[in-house]
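So you can see what is in the structure, the chains are spelled out below.
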Number of protein chains: 2
Amino acid sequence: MINWNNLDTLNSFKELSNVSKVNLQEVMSGESGAERVKNYSVPMAAGLSYNYAAKEVNDDILAALKKLAEEAQLAEKFEALYNGEVINTGEKRLVLHQLTRGQLGDKVVADGVDKREFYVKEQNRIAEFAKKVHSGEIVNEKGEKFTTVVQIGIGGSDLGPRAMYLALENWAHRTGNFKMEAKFISNVDPDDASAVLNQIDAAHSIFILVSKSGTTLETLTNESFVVNALKNAGLDASKHMIAVTSETSPLAKSDNYLEAFFMDDFIGGRYSSTSGVGGAVLSLAFGPEVFAQFLDGAAEEDKLAAGKDLMTNPAMLDALIGVFERNVLGYESTAVLPYSQGLSRFPAHLQQLDMESNGKSVNRFGDPIDYVTGPVIFGEPGTNGQHSFYQLLHQGTDIIPLQFIGFRNSQLRNDVDIQGSTSQQKLCANVAAQIVAFACGKKDENLNKNFKGGRPSSIIIGDELDPKSLGALLSHFENKVMFQGFVWNINSFDQEGVQLGKVLAKKVLAHDTDGALAEYSKLLNI
Amino acid sequence: MINWNNLDTLNSFKELSNVSKVNLQEVMSGESGAERVKNYSVPMAAGLSYNYAAKEVNDDILAALKKLAEEAQLAEKFEALYNGEVINTGEKRLVLHQLTRGQLGDKVVADGVDKREFYVKEQNRIAEFAKKVHSGEIVNEKGEKFTTVVQIGIGGSDLGPRAMYLALENWAHRTGNFKMEAKFISNVDPDDASAVLNQIDAAHSIFILVSKSGTTLETLTNESFVVNALKNAGLDASKHMIAVTSETSPLAKSDNYLEAFFMDDFIGGRYSSTSGVGGAVLSLAFGPEVFAQFLDGAAEEDKLAAGKDLMTNPAMLDALIGVFERNVLGYESTAVLPYSQGLSRFPAHLQQLDMESNGKSVNRFGDPIDYVTGPVIFGEPGTNGQHSFYQLLHQGTDIIPLQFIGFRNSQLRNDVDIQGSTSQQKLCANVAAQIVAFACGKKDENLNKNFKGGRPSSIIIGDELDPKSLGALLSHFENKVMFQGFVWNINSFDQEGVQLGKVLAKKVLAHDTDGALAEYSKLLNI
């Protein structure tokens, strides 16, 4: 039997709060530091590993976290989720994004449909479609091949798929898997759509309209923008556009689209990169086999997340260390720092994934809670970040936990040897150096040059950023966020906080305003 | 006489800490809210205005801030800075970036050189060079025109110029000012340089190597990367490359470059967008006249920042409201939310500008301080952010102050009317709606749908994002950060916090490591 209790009612949390703190400088220095790096590591899927040596934990704290994981029934809650319980209680929905890449438990049937079969069927339909586009079986009005794919979507229909596309673009070029360039239109700012339309050859472009409900205002507006542009170019928009949507949406059976592919209400936008939302654009850009490898990586990582033992479950461990940092040590934000140019927009995806899931102030029953939840997430690729905001991370007045990501090899494998090392070696040397600099610091009598250290980080290390390791990485963070939501006893799968802005924006457009809203509208000439 | 005192020693700060707080929901509702929007606004340059109606201030708090500004001698300190005092005490340097765009006070002479004359001379040299590239007087080995410019630089040599380029790209296309496409190589990750080189036509590209010291490892590595690629393509690298550096750097008089343009130690990297660091790439991309307009906007805004009266000095007011939020109300981060796709990387620039300047724990004399300084800065363009992290901003457990930016017109002026409004109107309606939603919230018996409100924001509003308004915007934030540094009594112009990582990275590359650093190096195969 599962109990959904607030974090501050758990005995194990009280124990955790009273445990002796770790002096990170001390434990990360000398032989003790070396031992930690060797031991505080958990294997992940696709050859990745999660190393938490530079976190402010020790065996006592890990034991306390293990108790917390057990008392909070994290493994049981995940089991309930993947077996099809209504975990998204606010919206009364199942939470099934893991089912898009594998079956972790029981068959899940909803509305008489085996959901795993449904997701696989849609993936296969997308794969067929992509193959026909690549082979020239599906072509434009003039019988010419499509060369570009443009995703029209916002939020989860944009950030995740865009981050995944950028993460694999270089890899695909090197490995011969690059099929079509992808572009993305998301913002309702007309300059976004205009600029993308100026960059592409519309006659050879296929557009993917992504909206689960089929009613997202920004996305429908950008669709009209694109349809207009196609018409003005003398093209038949319905021959250039497909939809990814739910079966009940107005887009599902429309003559406006070459084809429609389906998802459902059990996959939240920010968790939809492994559904058709990511599947259509990634299969068109890189081929369905590449998308399948990406799903395999995610499925393997999901299996690790389903493990009962905290110490061999990287997502659960990462989640609990994060809760310790947030609720016991009091840190308010987390920086995500990938040492890989391919992951340039991965922090932006995690920003949505984490902050939209766990930026909540009420528990899953709608009662107020008395502890902090999701942190602010931000980040840029290293080494760029080093020359930007690392100053504050090293010497600022607040401590900000860091999530590094690094790979032993570059994606394009094109490199130069300068001053005795390659660029990739320099990149890796920098991430190793930063972890130790943050943890250990360095005393200097001139306090301006003094580094206090004691700034915690973890690193996920892999051989290469490829479809499989990317899938594993994505799954890791999805499951981490889920486990933290369980610990905080909140619903990580709704987003009621986005509603009020929508309602007020409609009022502005209808000129139904007074007070401050009317004045701001005037200032903005609406 | 100027006194450099810690914030917590100032009587006005103690008074500020004791002032009655504002109930933002209350004051922003009804007629009172309308009045605030009308009154709490300061004109900026280039037709912009800074509106702080939705900040947690009232006339009493503003009076207390005014006292603080006076006791902290902010106007006098800025005056000392632009008149050439050694404000960057740690590095014993003048701080002269404002002088790249105008002369606010006395003639500043250093090493026998009138610095304003020096900066203007370099701008003129860049302008001449850019004109010759555009006219075809300076061409590649085959006598063909250059079509692309590639900036090689990192940190301030990358983030600011890149953000400015992206901010004007669409505007330049519409107004016929677009001369050459610009690309940027920054990260030491070899995939960054490789990917850019794959995208461009090297034979028609001109590269700008930007490094003040001429010793930045990432930048020199990327230079070699590019030189190699040019050689492999049978091109003479020295015919394709210019340098922006200091006169004393090894790059200054080298045959490796077509030309070298100069800056000096008095312009910090993150403040260098208005120097040759931004000037070369922006003049080549859009023409020197456009760069000159950008400088004019910054110069006009600087003049406002030099004003003595807090209530008509937008940068000083913004700075002090930020200090109030940080040191009295206890908020730890600030989100920058431009409702303009052109400003997509402006938050990344502000991240460096703010966090590298004010992420400090010691005062300007090297003594520890007992109060918090620079906040975490993050952000993405609206409306994209709305579908991402706004959930946490609206309903998360921490309050995060917001800096909105909005324009009445789009840059490309290409728009569609859908459901009775244009995309630009929808964009503007959204920013107006968000401000009010954050400030006022909305009660709901279902706490999951309840919005507490009380979340403060300000907005900078303009007609259009063009060179002049962009210059004003840049100057505003530079001066805001400077004033906050003055209030916190820290040196906003050095960055000692980036040194330790560099030292340790060199050790890793020299295989001179032990303990944790040796183990991390092994894990990363270095």
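Residue positions within a chain follow its written sequence, with the count starting from 1. Lettering for chains starts from A, numbering for ligands starts from 1, and both go in the order in which the items are written. At least 70 in pLDDT is required for a residue's local features to be given in this predicted model, at least 80 for side-chain atom pairs to be given and counted, and no such filter applies to totals for whole chains, interfaces and linings, which use all residues. Side-chain figures throughout are based on the complete set of non-hydrogen atoms in the structure, without hydrogens or water.

Enquirer: Which residues make up the sheet that holds strand β1 (residues 41-43) of chain B, and what are the values?
Expert: Residues and elements named next belong to chain B. Only strands joined by at least two bridges in the DSSP assignment are considered to pair. Here a helix means four or more residues in a row that DSSP labels H or I, a strand means two or more in a row labelled E, and each is numbered from the N terminus. The mixed open sheet is built from six strands, whose spatial order is β1-β2-β15-β12-β10-β11. On the outer flanks of this sheet lie β1 and β11 (376-378), each paired with one strand and no other. Looking at each pair of strands side by side, their axes are set apart by 15° on average, direction ignored. Relative to strand β15 (residues 457-462), strand β2 (residues 49-51) runs antiparallel, the two being bridged by three bridges. Its bridge partner lying in β15, Tyr50 is registered against Ile460. Contacts between residues were defined by any pair of non-hydrogen atoms, one from each residue, lying within 4.5 Å. Here the axes come from fitting lines to C-alpha atoms, over the contacting stretch only for helices, and the angles between their N-to-C directions go from 0 to 180 degrees. The strands touched by helix α12 (residues 314-328) within the sheet are β1, β2 and β12 (402-407), with β2 carrying the most contacts at an inclination of about 25°.

Enquirer: Give me the lowdown on the environment of Glu35(B), citing residues and values where you can.
Expert: Residue and element names in this part refer to chain B. For Glu35, the position within the fold is in helix α3 (residues 30-39). Glu35 sits in the partly exposed class, given a relative accessible area of 35%. Through-space distance from the C-alpha of Glu35 to that of Gln419 is 31 Å; in sequence the pair is 384 residues apart. Relative accessibility decides the category of a residue: with a 1.4 Å probe and only protein chains considered, values under 20% of the type maximum give buried, values over 50% give exposed, and everything between is partly exposed.

Enquirer: So what's going on with the relation of the copies chain B and chain A? Residues and values would help.
Expert: After a rotation of 180° and a shift along the axis of 0.0 Å, chain B superposes on chain A with an RMSD of 0.0 Å. Such a combination of turn and shift is consistent with a two-fold rotation axis. It is Phe378(B) whose C-alpha, among those of chain B, lies nearest the rotation axis, at 3.1 Å. In this assembly the copies share their binding face: 100% of the residues contributing to the interface of chain B also contribute to that of chain A. The copies were overlaid with a least-squares fit restricted to C-alpha atoms from residues scoring a pLDDT of at least 70 in each copy.

Enquirer: For helix α10 (residues 276-286) of chain B, give the residues involved together with the corresponding values.
Expert: Judged by how many residues are buried, α10(B) sits mostly within the fold: 11 of 11 residues are covered. Two residues or fewer after α10(B) comes Gly287(B), characterised by a positive phi angle close to 95°.

Enquirer: Before we move on, can you summarise the interface of chain B and chain A with the specific residues and values?
Expert: Across the contact, 130 residues belong to chain B and 130 residues belong to chain A. Defined here as a combined quantity, buried area equals the accessible surface (1.4 Å probe) lost by two parts on assembly, summed across both. Here chain B packs against chain A, burying approximately 11200 Å² in sum over the two surfaces, 62% of which is carbon and sulfur. Any carboxyl oxygen of Asp or Glu that lies within 4 Å of a side-chain nitrogen of Lys or Arg is treated as forming a salt bridge with it. Put simply, chain B and chain A have six salt bridges between them. Glu380(B) is the salt-bridge partner of Arg345(A), the closest N and O atoms lying 2.8 Å from each other. Two N or O atoms form a polar contact when they lie within 3.5 Å of each other; inside protein one atom must be a possible hydrogen donor and the other a possible acceptor, and for residues adjacent in sequence the pair counts only when both atoms belong to side chains. Linking chain B to chain A there are 48 residue pairs in polar contact (both at pLDDT 80 or more). Ranked by residues supplied to the side of chain B that touches chain A, first place goes to helix α15 (residues 423-440) of chain B with 15 residues. Under the convention adopted here, Pro, Cys and the residues Ala, Val, Leu, Ile, Met, Phe, Trp and Tyr are nonpolar, Asp, Glu, Lys and Arg are charged, and Gly plus all remaining residues are polar. For the side of chain B that touches chain A, the class distribution of residues is 54 nonpolar, 55 polar and 21 charged.

Enquirer: I'd like to hear about unusual backbone geometry, residue by residue, with values.
Expert: Most peptide bonds are trans, and most residues other than glycine sit at a negative phi. For the bond running from Gly382(A) to Thr383(A), omega is 5°, close enough to zero to count as cis. Take Thr383(A): it is sitting in the loop between β11 (376-378) and α14 (390-395). For His511(A), which is not glycine, the phi torsion reads 55° and is therefore positive. Structurally, His511(A) can be placed in the loop between α17 (499-509) and α18 (515-523). Here His511(A) falls in the exposed class, since its relative accessible area comes to 55%. Its identity is not glycine, yet Gln419(B) carries a phi of approximately 55°, on the positive side. Note on placement: Gln419(B) falls in the loop between β13 (417-418) and β14 (421-422). The exposure class assigned to Gln419(B) is exposed, which follows from its relative accessible area of 66%.

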